[in-house]
Amino acid sequence: MGTKTVDETGADTGTEAKTDEEKVDVVKTTDATDSTDADEVAEHDEAGDEVTAEATEAGPSGVGQGAGAVVSAALGLVSLTGGWIGTVAAARETLVGQLETASNASVAKQIKEVYGDAWQTSALWAAVFALAALIVGVVVLARPAFGTPGKPQAVWIKSVAWGGVALGVIGLLLAVLKYTDALLGLPSAG
């Protein structure tokens, strides 16, 4: 097995075969340049630790605010498109209306019980999602006022949070219009 050796003057002598005992006895000596490099590395490590400590003390990275902004936008979108919960609740209300309405009931009563209540239930769930989007978006936008002074909020977080607030407002408005039958009200039965 060949290894590279260095003599005491620092010149390479080539490769020579050494035994395991000789390899263990090899001791590296440091000169002035090695100790200076070691001091620089130690200072760099200490400076890196200080920067890390300052970054930790400076405040959060904004990941939570970004997540909140995305959640706000998603909830606003669900309020506009309808969610699984709203669909299931509306279908349940339709079934309840069918079961409770007598077959000899008037057409107007059947329409109201079977379709009208389901429509309003769907509107209620859309309003819940819209209100949640609105609240989460406002909290994300207001968070910097209670955080580290002088640390600005990332622009994309503000943009997405404002989008969530806007979707929440639009969803809430549409839900109120649906619930009050001002938007796509039930047809008249006669």
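Scroll up to find the structure this text is about.
(A) Region of interest: the overall build of the chain. Counting its secondary structure elements, the chain contains six helices and two strands. Mapped from its N terminus to its C terminus, the chain presents α and β elements in the order β-β-α-α-α-α-α-α. Looking at the 190 residues of the chain, the share that counts as buried comes to 22%. Entry remark: accessible area of the chain is about 13000 Å², with carbon and sulfur atoms responsible for 64%.

(B) View of helix α6 (residues 155–179). Compared with an ideal rise of 1.5 Å per residue, which puts 25 residues at 36 Å, α6 spans 36 Å between its outermost C-alpha atoms and is within 8% of the ideal. The elements touched by buried residues of α6 are α3 (63–81) and α5 (107–142). Directly beyond the C-terminal end of α6, a positive phi value near 65° is found at Asp181.

(C) Here's a closer look at a nonpolar patch on the surface. Taken together, Leu80, Ile170, Leu174, Leu183 and Leu184 make up a surface patch of nonpolar side chains, about 410 Å² in accessible area. As for its placement among the helices and strands, Leu80 is situated in helix α3.

(D) Structural detail: the packing of α5 against α6. Here α5 crosses α6 at 155°, and the two axes come no closer than 7 Å. In terms of orientation, α5 lies roughly antiparallel with respect to α6. For the crossing formed where α5 meets α6, the hand is left-handed.

(E) Representation of helix α4 (residues 84–100) within the structure. Given a rise of 1.5 Å per residue, 17 residues ought to cover 24 Å, and the 24 Å separating the end C-alpha atoms of α4 matches this to within 8%. Among the residues of α4, those classed as buried are Gly86, Ala89, Ala90 and Gly97. Seen from one end, α4 has its buried residues packed into an arc of 100°, which puts them on one side. Opposite the buried face of α4, at more than 90 degrees from it, the exposed residues are Trp84, Thr87, Arg92 and Leu99. Buried residues in α4 make contact with α5.

(F) Summary view of the environment of Thr94. Inspection of the secondary structure assignment puts Thr94 in helix α4. Placed 19 residues apart in sequence, Thr94 and Glu113 show a C-alpha to C-alpha distance of 7.5 Å.

(G) Layout of the packing of aromatic side chains. A complete count under the given rule lists zero aromatic pairs for this structure. Geometry around Trp119 places Lys178 over its ring, the cationic atom sitting 4.7 Å from the centre.

(H) Examining the environment of Gly137 more closely. Along the chain, Gly137 turns up in helix α5. Gly137 sits 61 residues away from Gly76 along the chain, and the two C-alpha atoms are 9.4 Å apart.

Calculation criteria
- Residues numbered from 1 in each chain as written.
- Predicted model: local features only at pLDDT ≥ 70, side-chain atom pairs only at ≥ 80, totals over all residues.
- Heavy atoms only, no water.
- Helix = DSSP H or I, 4+ residues; strand = E, 2+ residues; numbered from the N terminus.
- Buried < 20%, exposed > 50% of the residue type's maximum accessible area, 1.4 Å probe, protein only.
- Areas by Shrake-Rupley, 256 points an atom, 1.4 Å probe, with all protein chains shown as cover.
- Expected span 1.5 Å × (residues − 1).
- Contact = heavy atoms within 4.5 Å.
- Patch = residues over 30% accessible without salt bridge, like charges linked within 9 Å, V, L, I, M, F, W, Y side chains within 5 Å.
- Salt bridge = Lys/Arg side-chain N within 4 Å of Asp/Glu carboxyl O.
- Axes fitted to C-alpha atoms, helices over the stretch in contact; angles between N-to-C directions.
- Parallel < 35°, antiparallel > 145°, perpendicular 65-115°, else oblique.
- Left-handed = near helix turned anticlockwise from the far one by under 90°.
- Arc of directions from axis to C-beta.
- Phe/Tyr/Trp six-rings, centres within 6.5 Å; stacked < 30°, edge-to-face > 60°.
- Lys NZ or Arg CZ within 6 Å of the ring centre and 35° of its normal.

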